[in-house]
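Here is what each chain is made of, one letter per residue.
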Amino acid sequence: MRTESYDVVVVGLGGVGSAAARSLAVSGKRVLGLERFGPVHNLGASHGESRGVWQAYFMGPGYVPLLRRARTLWSELEEESGERLFHQTGGMCLGPAEGELIPAARASAEQCGLPHEYWTADQVHAHYPQFTPADDCVAVYDPESGYVQPEQTVRVQLGLAGKHGAELHFDEQVLEITETSGGVRIRTDRTVYHAEHVVVSAGCWAPGLLPGMAIPISVLRKVMLWFEPEGDMADFLPGRFPYWIWEGGGMIGYGHPAANGTHGGVKAGVHSGGTPADPDSVERFVNQQEVQEIQSFLRDRIPGLGRGRYRQSAVCLYDNTPDQAFLIGPASDEGRILLAAGTSGHAFKFLPAIGEALAELVTDGRTRQDLSLFAPGRFTP
């Protein structure tokens, strides 16, 4: 059997993988992208109509430099593709003043000099009457936040990767990845490839591709719901309704404006919690109890949504790390295997910057971004 050779093989072409393939192709590398499913599929974590993009980030100030770089690169992606990707709507982080989210969002904004406002419950309601927070609720408002659409983003990044020379294979499953003295051997259900580097961006499937590396990823099943609000749908369109995330009632809920206008619904979900799952056998049916849980959360906080009509749902998967930070960087002593996984349900906003960083690691062995927060070796004794 003849072994085909490439500079780099990207395994998994969802959000992270499509970003990596595009950036690597732009850098001039001979790139092969492998995806076990079809293009822009809905079986992992890169689907669901909208993904939030923050600057005053509630995960902490350490994420802000990468977010700033991503914001610049979202604009460059728009310019190259001719498509609008980022929709600036403003966003609110809500919850108790001494809770988990608010102090972290304020720290990001204040330490990094980001535009923001700190609102009381009355100010939240005055700006957005759709919200009815309790008196002890406060909010950090980030005027530069908004959303991107995951299916569109993956399609655009794959298209640009192909435009710059990447070879993309779909419905081809990687079975084994082996580091050799001269590079990396990738065996699929079709053939064998050889590359100088491999980027493993397979999300929930990454641990199974690198079984000897004890990758600390747990898979959680999550649900996304869409509602037709009670009252005027115009009150929930971009420009009149923000992206939001809310800590309360022992959980963290989130929601977006109606990204598809009056023809779609208004999205909401729960970022916290989740059910452990196997990505190959996860339950894709959303049950009534799951719908009622989110409706109950909304009813006390955004009544027009909580009392609205449930329209549809989808299941996605979080590939979580123990500290909720990503796994990005060399995963082997030789540095030929790069890991880009453990996205923990919040990596999409960073995609173009992650793709750029991976291309720099392959090309130069280092990156301009500080990725120490995401080092795969941080869990190794």
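Shown above is the structure to which this text applies.
(A) Here's a closer look at the overall build of the chain. Each helix and strand counted, the chain has 9 helices and 20 strands in total. A globule of 381 residues ought to have a C-alpha radius of gyration of about 21 Å, and the chain, at 21 Å, matches this closely. Judged by the C-alpha coordinates and their principal axes, the chain covers about 65 × 45 × 45 Å. For the chain, buried positions account for 58% of its 381 residues. Here the analysis covers contacts within the chain between residues at least 6 apart in sequence; of these, 74% occur between residues at least 24 apart. Averaging the locations of the 31 positively and 45 negatively charged side chains of the chain gives two centres separated by 4 Å.

(B) Representation of the packing of helix H2 (residues 64-81) against helix H5 (residues 150-163) within the structure. Where H2 meets H5, the closest approach of the two axes is 11 Å, and the angle between their N-to-C directions is 65°. By crossing handedness, the relation of H2 to H5 is classed as left-handed. The residues of H5 that touch H2, namely those facing Trp74, Leu77, Glu80 and Ser81, are Thr153, Val156, Gln157, Leu160 and Lys163. Residues belonging to the contact of H2 with H5 are distributed by class as follows: 4 nonpolar, 3 polar and 2 charged.

(C) The arrangement of the side chain of Asp142 in detail. Positionally, Asp142 belongs in strand S7 (residues 137-142). Look at Asp142: it is buried, it has no salt bridge, and the nearest opposite charge is Arg71 at 6.8 Å. A polar contact is formed between the side chain of Asp142 and the backbone nitrogen of Ala56, at a distance of 3.0 Å. Apart from residues lying up to four places away in sequence, Asp142 is in contact with Trp54, Gln55, Ala56, Gly90, Gly91 and Pro115.

(D) Local environment of the packing of aromatic side chains. Here the structure, examined in full by the defined rule, presents 22 aromatic pairs. Seen in terms of ring centroids, Tyr63 and Phe326 are 5.9 Å apart; in terms of plane orientation they differ by 80°. Their pairing is edge-to-face. Taken together, the residues Tyr63 in the loop between strand S3 (51-53) and H2 and Phe326 in the loop between strand S18 (309-320) and strand S19 (327-330) connect sequence positions 263 residues apart. Residue classification places Tyr63 among the buried residues on the basis of a relative accessible area of 4%. The buried category is assigned to Phe326, whose relative accessible area is 1%. Between Trp244 and Trp246, the aromatic rings sit 6.3 Å apart at their centres with planes inclined by 85°, giving edge-to-face as the arrangement. Residue class for Trp246 comes out buried when judged on its relative accessible area of 3%. By the ring-pair criterion, three or more aromatic residues cluster together here, those being Trp54, Tyr57, Phe58, Tyr63, Tyr243, Phe326, Phe350 and Phe374.

(E) Representation of the pairing of strand S14 (residues 243-248) in the model. Across the 6 residues that make up S14, a large majority, 6, are buried. With burial as the criterion, each face of S14 is covered, one bearing Tyr243, Ile245 and Glu247 and the other bearing Trp244, Trp246 and Gly248. Relative to S14, strand S5 (residues 91-96) runs parallel, the two being bridged by 4 bridges. Across the sheet, Leu94 pairs through a bridge with Trp246, a residue of S14.

(F) Examining the sheet that holds strand S4 (residues 87-88) more closely. Strand order across the open sheet formed by 3 strands is S3-S8-S4, with antiparallel pairing between neighbours. Edge positions in the sheet fall to S3 and S4, since each of these pairs with one other strand and no more. Of the strand pairs in this sheet, S4 and strand S8 (residues 146-148) are connected by 2 bridges, and their pairing is antiparallel. When the bridges of S8 are listed, Gln88 appears paired with Gly146.

(G) Geometry of the environment of Met233. By secondary structure assignment, the location of Met233 is in the loop between strand S13 (218-228) and S14. If near-sequence neighbours (up to four positions away) are discounted, Met233 is found in contact with Ala258, Gly261, Thr262, Gly264, Gly265 and Val266.

(H) Quick peek at the side chain of Arg51. Here Arg51 lies in strand S3. One buried charge, Arg51, has no salt-bridge partner; the nearest side chain with opposite charge is Glu151, at 6.8 Å. Within the local environment of Arg51, its side chain forms a polar contact with the backbone oxygen of Ala45, the two atoms lying 2.7 Å apart. From its side chain, Arg51 meets the backbone oxygen of His47 in a polar contact 2.5 Å long. Setting aside its immediate chain neighbours within four residues, Arg51 contacts Ala45, Ser46, Gly146, Tyr147, Val148, Pro150, Met224, His256, Lys267 and Phe348.

(I) Examining the state of the cysteines more closely. For the coordinates displayed, the defined rule picks out 0 disulfides. Unpaired in this structure, Cys93 has its nearest cysteine sulfur neighbour in Cys137, at a distance of 9.4 Å. Since its relative accessible area comes to 1%, Cys93 is described here as buried.

(J) Highlighting unusual backbone geometry. The phi dihedral of Asp171 falls on the positive side, at around 55°, and the residue is not glycine. For Asp171, the location among the structural elements is in the loop between strand S9 (167-170) and strand S10 (174-180). Positive phi values are uncommon outside glycine, yet Ala214 reaches one of about 50°. Following the sequence through the fold, Ala214 ends up in the loop between helix H6 (206-209) and S13.

Scoring rules and cut-offs
- Residues numbered from 1 in each chain as written.
- Predicted model: local features only at pLDDT ≥ 70, side-chain atom pairs only at ≥ 80, totals over all residues.
- Heavy atoms only, no water.
- Helix = DSSP H or I, 4+ residues; strand = E, 2+ residues; numbered from the N terminus.
- Rg over C-alpha atoms; globule rule 2.2 N^0.38 Å.
- Buried < 20%, exposed > 50% of the residue type's maximum accessible area, 1.4 Å probe, protein only.
- Contact = heavy atoms within 4.5 Å.
- Lys, Arg positive; Asp, Glu negative; His and termini not counted.
- Charge placed at Lys NZ, Arg CZ, Asp CG, Glu CD.
- Axes fitted to C-alpha atoms, helices over the stretch in contact; angles between N-to-C directions.
- Left-handed = near helix turned anticlockwise from the far one by under 90°.
- Nonpolar A, V, L, I, M, F, W, Y, C, P; charged D, E, K, R; others polar.
- Salt bridge = Lys/Arg side-chain N within 4 Å of Asp/Glu carboxyl O.
- Polar contact = N/O pair within 3.5 Å; in protein donor to acceptor, adjacent residues only side chain to side chain.
- Phe/Tyr/Trp six-rings, centres within 6.5 Å; stacked < 30°, edge-to-face > 60°.
- Pairing = 2+ DSSP bridges.
- Disulfide = S-S within 2.5 Å.

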